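If you want the building blocks of each chain, they are given just below.
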Amino acid sequence: GPDRLAAEALQLLREHKILSVRRRAAMLLGERGFANAEEILAGEIEKEHDPGARATLVSALGSIKSDSGVETLMDFARSRQEPDEVRAAACTALGRTGKPEARDVLAEIATYSPKGITRLIRSVSSAVRVAAVKALVALLSEAPKDKDLAAKAIADAVLAELRALKLPEGREWM
C-alpha cells in the first residue's frame, strides 16, 4: 500500500550522501509512524557514525512512542559510550513519550552525583543532565498531579537537586 511505498522511499533517502537529507528522512519516518519505521530507524542508528545524525535518529525513534522504542531510548540515555549529543537527544525523546517507565531513568540521570574517584570515571555531563531535567519536567507535567505519588516524589527529588546546584549568574534551568 501507500504506507509501504512511502516508507521504502524514505529508506532510500536515508542512504543519501547529504547529511541533512538523511536527517529529514529519519524525522519523517518517525513522525509518520509507518509500520516498520522503528525497525528501519534502529538499523540506521547502528550504521550511522556521525553523532549529530545519530542524535536525529534517536529523536525520530522517540516520535514513535512504542514500548520497545522507549526501552532503546532508555539504553541510549544511560550509555556512557554514546556522545553527549546522542544521550541528550535520548533524554529529550523520553520526555516526549509520556511513558511512566522513562521517569526513573530521567531522574537517575538528572540527579546523578557520584562521590570520590567514581566522580571522575562515571560522571554525567551537564548537557546530558540538563536535557534529562527538562525531559523529566515535560514528562511530569503530563502526569496526573494528585494521583501519581511516584511522579511527585521524583519531581521533589529533582527540584531539591536543582536548588542545590549553582548556575552562573543570569542563567536559569528552563
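Look up: the structure comes first, before these words.
Residues numbered from 1 in each chain as written. Predicted model: local features only at pLDDT ≥ 70, side-chain atom pairs only at ≥ 80, totals over all residues. Heavy atoms only, no water.

Before going further, it helps to spend a moment on the overall build of the protein. For the protein, the helix and strand inventory stands at ten helices and zero strands. Beginning at the N terminus, the succession of helices and strands in the protein can be written as α-α-α-α-α-α-α-α-α-α. Long-range pairs, those at least 24 residues apart, make up 59% of the contacts in the protein between residues at least 6 apart in sequence. Working note: accessible area of the protein is about 9900 Å², and carbon and sulfur atoms make up 55% of it. (Helix = DSSP H or I, 4+ residues; strand = E, 2+ residues; numbered from the N terminus. Contact = heavy atoms within 4.5 Å. Areas by Shrake-Rupley, 256 points an atom, 1.4 Å probe, with all protein chains shown as cover.)

This next bit is on helix α5 (residues 67-78). Helix length check: α5, at twelve residues, gives a terminal C-alpha distance of 17 Å against a target of 16 Å (1.5 Å per residue), a fit within 8%. Here the buried face of α5 lies against α3 (37-47), α4 (51-64), α6 (84-97) and α7 (101-111). (Expected span 1.5 Å × (residues − 1).)

The interhelical angle for the contact between α6 and α7, taken along N-to-C directions, is 145°, at an axis separation of 10 Å. As α6 runs across α7, the sense of the crossing is left-handed. Facing α6, whose interface residues are C91, L94, G95 and T97, α7 presents A102, V105, L106 and I109. Classifying every residue of the contact of α6 with α7 by side-chain character gives six nonpolar, two polar and no charged. (Axes fitted to C-alpha atoms, helices over the stretch in contact; angles between N-to-C directions. Left-handed = near helix turned anticlockwise from the far one by under 90°. Nonpolar A, V, L, I, M, F, W, Y, C, P; charged D, E, K, R; others polar.)

In this section: the pattern of salt bridges. As enumerated under the stated definition, the model contains three salt bridges in all. For K47, the salt bridge identified is with E44, shortest N-O distance 3.2 Å. A residue pair is termed a helical-turn pair when its members lie 3 or 4 positions apart in one helix, as K47 and E44 do in helix α3 at three residues. You can call K47 exposed: its relative accessible area is 51%. K99 is the partner of D67 in a salt bridge, and the nearest nitrogen-oxygen pair spans 3.0 Å. Of this pair, D67 sits in helix α5 while K99 sits in the loop between α6 and α7, and the two are 32 residues apart along the sequence. (Salt bridge = Lys/Arg side-chain N within 4 Å of Asp/Glu carboxyl O. Buried < 20%, exposed > 50% of the residue type's maximum accessible area, 1.4 Å probe, protein only.)

Further remarks concern the side chain of R87. Within the element layout of this structure, R87 appears in helix α6. Summary of buried charges: R87 has no salt-bridge partner, and the nearest side chain of opposite charge, D84, is 4.7 Å away. Here the side chain of R87 touches A77 through a polar contact of 2.9 Å, landing on its backbone oxygen. Discounting residues that sit within four places of it in the chain, R87 has contacts with F76, A77, R78, S79, R80, E82, V124 and V128. (Lys, Arg positive; Asp, Glu negative; His and termini not counted. Polar contact = N/O pair within 3.5 Å; in protein donor to acceptor, adjacent residues only side chain to side chain.)

The subject of this paragraph is the nonpolar core. Membership of the largest hydrophobic core comes to 41 residues, with the highest contact counts inside it found for L41, V58, A77, C91, L94, L106 and I109. Among the secondary structure elements, those contributing two or more residues to this core are α2 (19-32), α3, α4, α5, α6, α7 and α9 (126-142). When residues in this core are grouped by element, the largest group, eight residues, is from α9. With residues up to four places along the chain from it excluded, the contact list for A77 reads R87, A90, C91, L94, V105 and I109. (Core = buried A, V, L, I, M, F, W, Y, C linked by side-chain atoms within 4.5 Å.)

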